[in-house]
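Report on the structure
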4 protein chains.
Amino acid sequence: MQSPDEPGLIYKITAVLFAHGLNILRNDEFVEPAGNVFFMRTEFAGAFDAGALGAALAGALPAAATVRLSDNRPQDVVLLVTKEHHCLSELLVRHAFGELNANIRAVIGNHEVLGPLTRQFGVPFHYLPHAERSREAHEAEVLAVLAGYRPDWVVLAKYMRILSPEFVAPYANRLVNIHHSFLPAFVGASPYAQAHARGVKIIGATAHFVNEQLDEGPIIAQRVIPTDHTRSAREMAQAGRDVEKIVLARALELVLDERVFVHRNKTIIFD
Amino acid sequence: MQSPDEPGLIYKITAVLFAHGLNILRNDEFVEPAGNVFFMRTEFAGAFDAGALGAALAGALPAAATVRLSDNRPQDVVLLVTKEHHCLSELLVRHAFGELNANIRAVIGNHEVLGPLTRQFGVPFHYLPHAERSREAHEAEVLAVLAGYRPDWVVLAKYMRILSPEFVAPYANRLVNIHHSFLPAFVGASPYAQAHARGVKIIGATAHFVNEQLDEGPIIAQRVIPTDHTRSAREMAQAGRDVEKIVLARALELVLDERVFVHRNKTIIFD
Amino acid sequence: MQSPDEPGLIYKITAVLFAHGLNILRNDEFVEPAGNVFFMRTEFAGAFDAGALGAALAGALPAAATVRLSDNRPQDVVLLVTKEHHCLSELLVRHAFGELNANIRAVIGNHEVLGPLTRQFGVPFHYLPHAERSREAHEAEVLAVLAGYRPDWVVLAKYMRILSPEFVAPYANRLVNIHHSFLPAFVGASPYAQAHARGVKIIGATAHFVNEQLDEGPIIAQRVIPTDHTRSAREMAQAGRDVEKIVLARALELVLDERVFVHRNKTIIFD
Amino acid sequence: MQSPDEPGLIYKITAVLFAHGLNILRNDEFVEPAGNVFFMRTEFAGAFDAGALGAALAGALPAAATVRLSDNRPQDVVLLVTKEHHCLSELLVRHAFGELNANIRAVIGNHEVLGPLTRQFGVPFHYLPHAERSREAHEAEVLAVLAGYRPDWVVLAKYMRILSPEFVAPYANRLVNIHHSFLPAFVGASPYAQAHARGVKIIGATAHFVNEQLDEGPIIAQRVIPTDHTRSAREMAQAGRDVEKIVLARALELVLDERVFVHRNKTIIFD
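Rules used throughout
- Residues numbered from 1 in each chain as written.
- Chains lettered and ligands numbered in written order.
- Predicted model: local features only at pLDDT ≥ 70, side-chain atom pairs only at ≥ 80, totals over all residues.
- Heavy atoms only, no water.
- UniProt positions renumbered as here; feature names shortened; annotations may be inferred.
- Contact = heavy atoms within 4.5 Å.
- Salt bridge = Lys/Arg side-chain N within 4 Å of Asp/Glu carboxyl O.
- Polar contact = N/O pair within 3.5 Å; in protein donor to acceptor, adjacent residues only side chain to side chain.
- Helix = DSSP H or I, 4+ residues; strand = E, 2+ residues; numbered from the N terminus.
- Core = buried A, V, L, I, M, F, W, Y, C linked by side-chain atoms within 4.5 Å.
- Buried < 20%, exposed > 50% of the residue type's maximum accessible area, 1.4 Å probe, protein only.
- Buried area = accessible area lost by both parts, 1.4 Å probe.
- Nonpolar A, V, L, I, M, F, W, Y, C, P; charged D, E, K, R; others polar.
- Pairing = 2+ DSSP bridges.
- pLDDT = per-residue confidence, 0-100.
- Phe/Tyr/Trp six-rings, centres within 6.5 Å; stacked < 30°, edge-to-face > 60°.
- Domains from an automatic or database assignment.
- Least-squares fit on C-alpha atoms with pLDDT ≥ 70 in both.

The name that an unreviewed UniProt entry assigns to chain A is Formyltetrahydrofolate deformylase, with the source organism given as Hymenobacter nivis. The record in UniProt for chain A states the following under Sequence similarities (unreviewed entry): "Belongs to the PurU family."

So this is what it looks like as structure tokens:
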């Protein structure tokens, strides 16, 4: 639920739930001072008719409000990968043991190297090389395969291609990316080499939604681990991969659990 | 607000607030599955008559519910100390610069060494030595001085005396303690020496309410920092002090902001 | 290298290396004040004859010194598991992609459930059920299979059986275990349920060598992540698994890289 | 000790120490692959004549090597501040209780507000306002006061003025600064407001040496703490201050203990 804030919103919503015989298990609410926007996430128990409940809520709320009713069924996910396996294998293993509330429908790679791992877990792998075709043509191929799965979420699990705004648009706020983060940040190529040269003491990872500027969408999760001068750039990269995969898995868990709202360029997360 | 859970509680409470013209700024709610207890913390804007609002809420809620209305004024705090300065100085400095929503009314020490630091910040210091009197007699003296201040909260800022259940009882869930924590835990004297001998890699601190078993009350805040074999027991103790003071200050901030509920032996914290 | 401390040790060792034309790349040295024991780990470049170099070092050092020469070849590892997959899959994936300096020769399970995952990665799985036989008989079977592989290291990757001192003895300081850790610690069954009931704010994991008291051997690595009252015991367990697998993998990396010395009940780690 | 790397360096140095009857307590050594530079820090016990020992070491080492002999006496420190008290009070309290191996000789402020706190701890405060004079003139006044104390280290304890290269040059690698850090980094004014708008999940602090580009000198220490959308920009700033002061104190402890070497734009820290 997202709505312009006004007095009595919680009262009005909970009145509807009460009238429909639904019991609230957990309720989180937040008013974003910038923009005066009201966000609420409610977990409730009880049977309901989605049409009737939706209509009753719409009637009680401001016209600009949006409500999303969910029954918490597993959602469909497609992963995009390049050559690095760590995020992919993390998600495939969790999926294989029923720890993700999701169906990983397919993996799309612009290199072939992660095909065997993917198939070993019984998931289809689409090899769509980017070589010898234009960016537009390659993105069109990927979008076509994606469209066939109608995924709820697309995860860039170390997909090392810049995406055009045209690719991002149809999956706005449904496209999750992971990337390394440093204090301070490093712009340009070989960030681990730069971080090593600067002697950073901390390595981090940030999972975020992709918007039109690749690495600047709303942040979903972040975590860091310590490092020091004795680690080579290669060892720092290994530590970075450890953080990346855990942060990406955590971010995906949060979105699959419908705990994440996006407002302007930030997230409101009820975790 | 704390209440046995039943359908419609949020609806009933927010109806009362709406009827009194109060606008909810932030609302946190949690149902503890063990015991089926409902907890809610609401921040709202608007003028209210405490008597009328309290009566209206009481009328709307189950008989066993408890409601606490607050205007967020600074609360009164008394600190108990022994010889270590780090927690005391942290709180005195924050207090001096208006960063604690509290009045530190006094400091009571069973040693004299922290008197000068306390007075330097313009806070009364009571020296109540424990030597040459029984535990009962000493505790009675401390309780008498405390009673004169009628504090909302009593903070054991490295007070190194075991407290009797008789001392604790009148300040149940209003007595905050800080102590070092290790993975694994060490029982008995010289915990830093034991932790050093075991080669722990992490040092932590736990702020908690005191109940009848000194170190086993509900946990308010915890934090850790890394260590390794090159640190002497003395250096580990310094790192431990750094964590302790930040964790104690954070815990105090949470209770002063009325974000902490206690249920059985755990806390529900809306931070 | 481990030796009773005496003046000139570094000088004597480096003189031997210099005389053999070996160049030191990295040298770490530590004198443990308790026991006055000298530890040193040296990485050097250059070709050497192990017999001649070992003899020269032995001649230069106190009789009680021990020296281990290594060429950093992959070492042999066998894993013991029960039903939980997270540590096993973490290690199998790293192994499959060449990120562990080890050969995982086999996995032994007292349940059958992790057989398919193991075989999927091309590693032999031995199912040795503990049901309907004595502890002695079961341990004898496991030891017999282990002996066939002559492993350098045995990893308890969530092996949920208590080991007898007779089992542990032949693998002293070569048997690595992982277990959850809390602040404070919880003794007995269902630690996550206890930690949840106590409202801990931090979940940790400790990787350690196994000695005769199962969870009290020298600590190799520890890490923590934050939690709060909103997480169910089940969600806390998931977060605990995430930490456990990363900490176990890190600990194994440290021992495979020969960075870990054991002294009394602690580790000296040159990382 | 810092030197171009060549075979036998540790051997040659330890031979000199052995010949002078000095016993090594702890030795750390590192060869930086970029530039092939050898760094070593040795703690030893025993009486020595600095002139004779220095000459013997110089004779044993390459001409380009630099050696620094120290007897670990308290070093002189001057602090520069503006209006924020948290780093200043942290250092004054530690100093007052003998926890810093330093003499805080004076505090210089470009505002007057921190004078009372400083004097309360018996430390001289110099108020040198920047208003109504040129940057050059103001810096010249600060440099003149600094020069009178001949400090070993100058600490920018939240000194909010940009320093010119002329100011920095005479204190190269002896000028320590602290600043907030975010993932990702934010350039420009009001970083906490920017970080809040972006919804960062982590707040960090970096202590570093100042070089000619203010915030880009070699990093000494970094630490982070978690945050989330419920914290206002003001609360995030409080958490940021908590991290800043601990990180600055830790960095100062490292430099006072002579554990920090600078090489190009990074630090080698033997902690």
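Having seen the structure, we can now continue with the description.
1. Some words on the interface of chain B and chain D
Taken residue by residue, the interface counts 26 residues in chain B and 26 residues in chain D. On the surface where chain B and chain D come into contact, there are four salt bridges. Among the ionic pairs, Lys-245 of chain B bridges to Glu-90 of chain D, the shortest N-O distance being 2.4 Å. Remark: the boundary between chain B and chain D carries seven residue pairs in polar contact (both at pLDDT 80 or more). Of the residues forming the side of chain B that touches chain D, the biggest block, eight residues, is contributed by helix 8 (residues 233-256) of chain B.

2. Overview of the nonpolar core
Side chains that are nonpolar tend, in soluble globular proteins, to be buried together. The biggest cluster of nonpolar side chains holds 96 residues, and the ones touching the most others in it are Leu-91 and Ile-220 of chain B together with Leu-91 and Ile-220 of chain D. Those residues in contact with Leu-91 of chain D, other than ones at most four positions away along the chain, are Leu-79, Leu-100, Ile-104, Val-155, Leu-248, Ala-249 and Leu-252 of chain D.

3. So, helix 3 (residues 86-96) of chain A
All names here are of chain A. Burial of helix 3 is extensive: nine of the 11 residues sit out of reach of the surface. For helix 3, the set of buried residues is His-86, Cys-87, Leu-88, Ser-89, Glu-90, Leu-91, Leu-92, Val-93 and Arg-94. Looking at the residues trailing helix 3, positive phi occurs at Gly-98, about 70°.

4. Here's the deal with the interface of chain A and chain D
A common way to state how big an interface is: give the accessible area lost once the parts meet. Facing the 31 residues of chain A at the interface are 31 residues of chain D. Note on chain A versus chain D: buried area summed over both sides is about 2600 Å², and carbon and sulfur give 59% of it. Taken together, the connections running from chain A to chain D amount to zero salt bridges. Across the contact surface, chain A and chain D share six residue pairs in polar contact (both at pLDDT 80 or more). Among the elements of the structure, strand 8 (175-182), helix 7 (191-198), strand 9 (202-209), strand 10 (219-226) and strand 12 (266-269) of chain A are those that each provide at least two residues to the side of chain A that touches chain D. Looking at the side of chain A that touches chain D residue by residue, the classes come out as 15 nonpolar, 10 polar and six charged.

5. Things to note about the UniProt feature "domain: ACT" (unreviewed entry) in chain A
Per the UniProt record, "domain: ACT" (unreviewed entry) is found at residues 1-72 of chain A. Overall, residues 1-72 of chain A shows 31% helix and 31% strand. The separation of its end C-alpha atoms is 15 Å.

6. Quick look at the pairing of strand 9 (residues 202-209) of chain C
Residue and element names in this part refer to chain C. Among the eight residues in strand 9, eight count as buried, and that is most of the element. Burial along strand 9 is two-sided: the face carrying Ile-202, Gly-204, Thr-206 and His-208 and the face carrying Ile-203, Ala-205, Ala-207 and Phe-209 are both buried. Here strand 9 runs beside strand 10 (residues 219-226); their pairing, made up of seven bridges, is antiparallel. Considered in strand 10, the bridge of Ala-207 is made with Ala-221.

7. A closer look at the confidence of the model for chain A
Residues with a pLDDT of 70 or more make up 96% of chain A, whose mean pLDDT is 88. Taken together, the chains of this predicted complex give a pTM of 0.84 and an interface ipTM of 0.84.

8. Observations concerning the pairing of strand 7 (residues 153-156) of chain B
Both faces of the sheet carry side chains from a regular strand, because those side chains alternate between them. Residues and elements named next belong to chain B. Neither face of strand 7 is exposed, since Trp-153 and Val-155 on one face and Val-154 and Leu-156 on the opposite face are all buried. With four bridges connecting them, strand 4 (residues 75-81) and strand 7 associate as parallel partners. Among the inter-strand pairings, Val-77 is bridged to a residue of strand 7, identified as Trp-153.

9. A look at the packing of aromatic side chains
Counting across every chain of the model gives 24 aromatic pairs over all chains. Seen in terms of ring centroids, Phe-44 of chain D and Phe-48 of chain D are 5.6 Å apart; in terms of plane orientation they differ by 70°. Their pairing is edge-to-face. Three or more aromatic residues joined by ring pairs form one cluster here, namely Tyr-11 and Phe-18 of chain A together with Tyr-11 and Phe-18 of chain B.

10. Topic: the domain arrangement of chain A
Residues and elements named next belong to chain A. Taken as a whole, chain A is organised into domain 1 (2-60) and domain 2 (75-269). One C-alpha centre belongs to domain 1, the other to domain 2; they are set 33 Å apart. Counting residues at the interface gives 11 residues for domain 1 and nine residues for domain 2. Approximately 810 Å² of surface area, both sides summed, lies buried where domain 1 meets domain 2, with 55% of it carried by carbon and sulfur atoms. Of all residues in domain 1, Glu-32, Phe-39 and Arg-41 give up the largest surface area on contact with domain 2, accounting jointly for 57% of the area buried on that side.

11. Some points on the pattern of salt bridges
By the definition in use, this model includes 62 salt bridges over all chains. Across the pair Glu-43 of chain A and Arg-41 of chain A runs a salt bridge, and its minimum N-O distance is 2.9 Å. Residue Glu-6 of chain B is joined to Lys-12 of chain B by a salt bridge in which the shortest nitrogen-to-oxygen separation is 3.1 Å. A relative accessible area of 29% means that Glu-6 of chain B is categorised as partly exposed. With relative accessibility at 22%, the residue Lys-12 of chain B sits in the partly exposed group. Residues joined by salt bridges that share partners form a network here, namely Glu-90, Arg-94, Asp-242 and Lys-245 of chain A together with Glu-90, Arg-94, Asp-242 and Lys-245 of chain C.

12. As for the relation of the copies chain B and chain D
Least-squares fitting of chain B to chain D yields an RMSD of 0.0 Å, with the transformation described by 0.0 Å of translation along the axis and a rotation of 180°. On the angle and the small slide along the axis, the relation comes out as a two-fold axis. Across chain B, the rotation axis passes nearest the C-alpha of Gln-120 of chain B, at a separation of 3.4 Å. When the interface residues of chain B are mapped onto chain D, 100% of them again fall at the interface, so both copies present the same face.

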